[in-house]
Amino acid sequence: MIRVVLPANLRTLAGVGKEVELQVSGPVSQRALLDALEAEYPMLCGTIRDQTTKRRRPLLRFFACEEDHSDDSPDAPLPEDVATGREPYLIVGAIAGG
Amino acid sequence: MSKVRLLVGTHKGGFVMTSDERRKEWKVEGPHFAGWDVYHINGSPADPDRLYAAQSRGWFGQVMQRSDDGGRTWQPAGNDFKYEGDVSTHKWYDNTDHPYEFMRAWHLEPSLTDPDTVYAGVEDAALFRSTDGAKTWQELPGIRTQESAPSWAPGAGGLCLHTIILDPQNKDRIFTAISSAGAFRSDDAGKTWKPINKGLHSQYIPDPDAEVGHCVHHMAMHPSRPNVLFMQKHWDVMRTDDAGETWHEISGDLPSDFGFVIDVHSHEPDTIYVIPIKSDSDHFVPDGKLRVYRSKSGGNEWEALTKGLPQKDCYVNVLRDAMAVDSLESCGVYFGTSGGEVYVSADAGDSWNAIVTNLPQVLSVQVQTLP
C-alpha cells in the first residue's frame, strides 16, 4: 500500500485522517498515485492538479524521503521506500510567508 | 411564522444564520468549509433547501458544494469547469493576448424554476450552467466569444463575471456583468450576447464612452419590473428603464458614488440601497461612518440610514455580493463588511443591528425567505 499525507484542508474535504493508504497497480509514479487518490476520493479532483492540464497546482509541493519531487516528471518512478509503503508521500501546501 | 435563512460567504468559510420574522434572535451555524474562500452561497427559489456554495483557495483551486437540507449537511459537487472549444484570449495587464484560464467561481445563480439548474459566473470571465445539480458544468460560450471579448482586460480583482440576473418574466433573457468589461444581455437564453453599456461614462478608460471596458461592480432588478436595472459602477450609480439599451446616472446627492453593492426593496421597486465607499484608492466608507443610503424615488435623492450603525472610527468596505433583501412584509435588508460584521434591518433600513461581529471578511450575503 502507498501512504499519502494530505494537507489539512484536503483531509477535511475528503473526510480522512492525516494519512491515507492507496493501492496502486503497476509502476508507482506521481501520475499513478494521483490517479488512484482521485479515484478513491473524487472530491479531490482538481484540488491537487489542474483538471484540464493535470499540472500540479503551483502552491502545492510533493515531498518524499526528505527530497522534493515536485518538479519530477509525473511518470518518473517514485522512491522505492514510497512504493513499498515504508515512507509516506507528502503533499504539502506551501507556507503563506510573511 | 415565516423564517429567514442568511447565507454568508467569508474569506475563511461559510455561515448559515436563521431567525424568525422578528429577525432579532439569530442562530449561527458554521464555519462550513473552514479556511476556504467562500465567494458565494445561494439557494434555489424552486426548492429552498437546495443550496449551492462556491469554495476556493489559491492552493487548491475551486470546489463546489451542494446541500439538500438547507445547509445542515453538504456534499462536494462537480468542479470541472472547461471552456468550450478553442480557448480564446483576453488582454493581459501588459496588453498582450492572454489565454483564458479558469480561476474560480464568483457567483452562483440558481434557476427560478428548476432546483437542478444553476448558473455560475467565473473568472476568467465566462458563464457556466449545470442542469444536474452541480454534478457537471457546461459553458455557455456565447459571452466569452462575444465580439468584444478579446479586448477585455482584468481589473485589480481579476476578469470576473460576477453578476447574473435571470428575468422572471422572460425565460430567454439573462443579464450579466463583468468587471472591467461592462454589462451584457442575452435574449436567447445565453446563446448570444450584446454589450449594454450605452450611457456609461468612465474617465479611467481611454474612451470614457466606449462600448465595453466599464467596470461594473453590481446590478440589481426588482422582479416586477425587469426592464429597470440599477447599477453600482466603479464610480457612478446608474439606472436603465429599457433593459440596458440606455443608462442614466442617478448618483444625485450621495457623498460618494463609488461603491460595490446595490439592491432593491422587495416590495417597492423604486426604493434602492447603496453603501457609498470613499474612493477606489481607499476602499472604506467616507468619514469613518458606516451609512447605507436609500432612495425612495428610484435614485438621485438619497437619505443616509445610520441608526444602529457605527458613526465614528469605522473603516470597512462592503463587497459587491454582500447585500441582500428578504421578502417579508416588512422588508429586511442585510449586508456584511470587510470587518466581519453582518447587519440586519428588519424595517427596510430605518434601524440596524449586528447579527454577528468578528467573522472573517464577508464576501457575500444572500437571504432566503422561508414559509
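Look up: the structure comes first, before these words.
One structure accompanies this document, and this report is about it.

Definitions and cut-offs
- The residue numbers shown here count from 1 along each chain, following its written sequence.
- Chains carry letters from A onward and ligands carry numbers from 1 onward, assigned in written order.
- Per-residue local features are limited, in this predicted model, to residues with pLDDT of at least 70; the limit for side-chain atom pairs, both in listing and counting, is 80 or more; totals at the level of whole chains, interfaces and linings are taken over all residues.
- The way it works is that DSSP assigns letters per residue, a run of H or I at least four long becomes a helix, a run of E at least two long becomes a strand, and they are numbered from the N terminus.
- Remark: residues whose backbone-derived C-beta atoms lie within 7 Å of one another are considered to be in contact.
- The burial label depends on the number of other C-beta atoms within 10 Å of a residue's C-beta. Counts of 20 or more mean buried, 12 or fewer mean exposed, and intermediate counts mean partly exposed, with C-beta atoms placed from the backbone.
- Following DSSP output, two strands are said to pair if at least two bridges run between them.
- Gly is put with the polar residues, along with every residue not named as nonpolar or charged; the nonpolar set is Ala, Val, Leu, Ile, Met, Phe, Trp, Tyr, Cys and Pro, and the charged set is Asp, Glu, Lys and Arg.
- As used throughout, a nonpolar core is a set of buried Ala, Val, Leu, Ile, Met, Phe, Trp, Tyr and Cys residues joined through C-beta atoms within 7 Å of each other.
- The axes used here are C-alpha line fits, helices contributing only the stretch in contact, and every angle between their N-to-C directions lies in the interval 0 to 180 degrees.

**Some thoughts on the overall build of chain A**
What chain A contains, in helices and strands, is 3 helices and 5 strands. Principal-axis analysis of the C-alpha atoms gives chain A an extent of 35 × 25 × 25 Å. In chain A, 53% of the contacts between residues at least 6 apart in sequence involve partners at least 24 apart.

**Notes on the pairing of strand 2 (residues 19–22) of chain A**
Residues and elements named next belong to chain A. Going residue by residue along strand 2, you find V20 and L22 tucked away on one face and E19 and E21 left uncovered on the opposite face. Relative to strand 2, strand 1 (residues 2–5) runs antiparallel, the two being bridged by 4 bridges. Bridge assignment links R3 to a residue of strand 2, and that residue is E21.

**Some remarks on the interface of chain A and chain B**
Opposite the 13 residues of chain A that make contact, chain B presents 13 residues. Sorting elements by how many residues they give to the side of chain A that touches chain B places helix 1 (residues 8–14) of chain A first, with 3 residues. Tallied by class, the residues present in the side of chain A that touches chain B amount to 6 nonpolar, 6 polar and 1 charged.

**Considering the nonpolar core**
One broad trend across soluble globular proteins is that nonpolar side chains are buried collectively. In this structure, L33 of chain A together with Y334 and V365 of chain B are the most contacted members of the largest nonpolar core, which totals 131 residues. Every residue in contact with V365 of chain B, bar those within four places of it in the chain, is listed here: L6, V8, A322, M323, A324, Y334, F335, G336 and V342 of chain B.

**A few points about helix 2 (residues 30–40) of chain A**
For helix 2 of chain A, the full list of buried residues reads Q30, A32, L33, L34 and L37 of chain A. Packed against the buried residues of helix 2 of chain A are strand 1, strand 2, strand 3 (60–64) and strand 5 (89–93) of chain A.

**Focus: the sheet that holds strand 2 of chain A**
Residue and element names in this part refer to chain A. The strand order across the open sheet formed by 5 strands is 2-1-5-3-4, and the pairing between neighbours is mixed. Edge positions in the sheet fall to strand 2 and strand 4 (67–68), since each of these pairs with one other strand and no more. Note that strand 3 and strand 5 share 5 bridges and pair antiparallel. Bridge pairing links F63 to L90 in strand 5. The strands touched by helix 2 are strand 1, strand 2, strand 3 and strand 5; relative to strand 2, the strand with the most contacts, the crossing angle is about 105 degrees.

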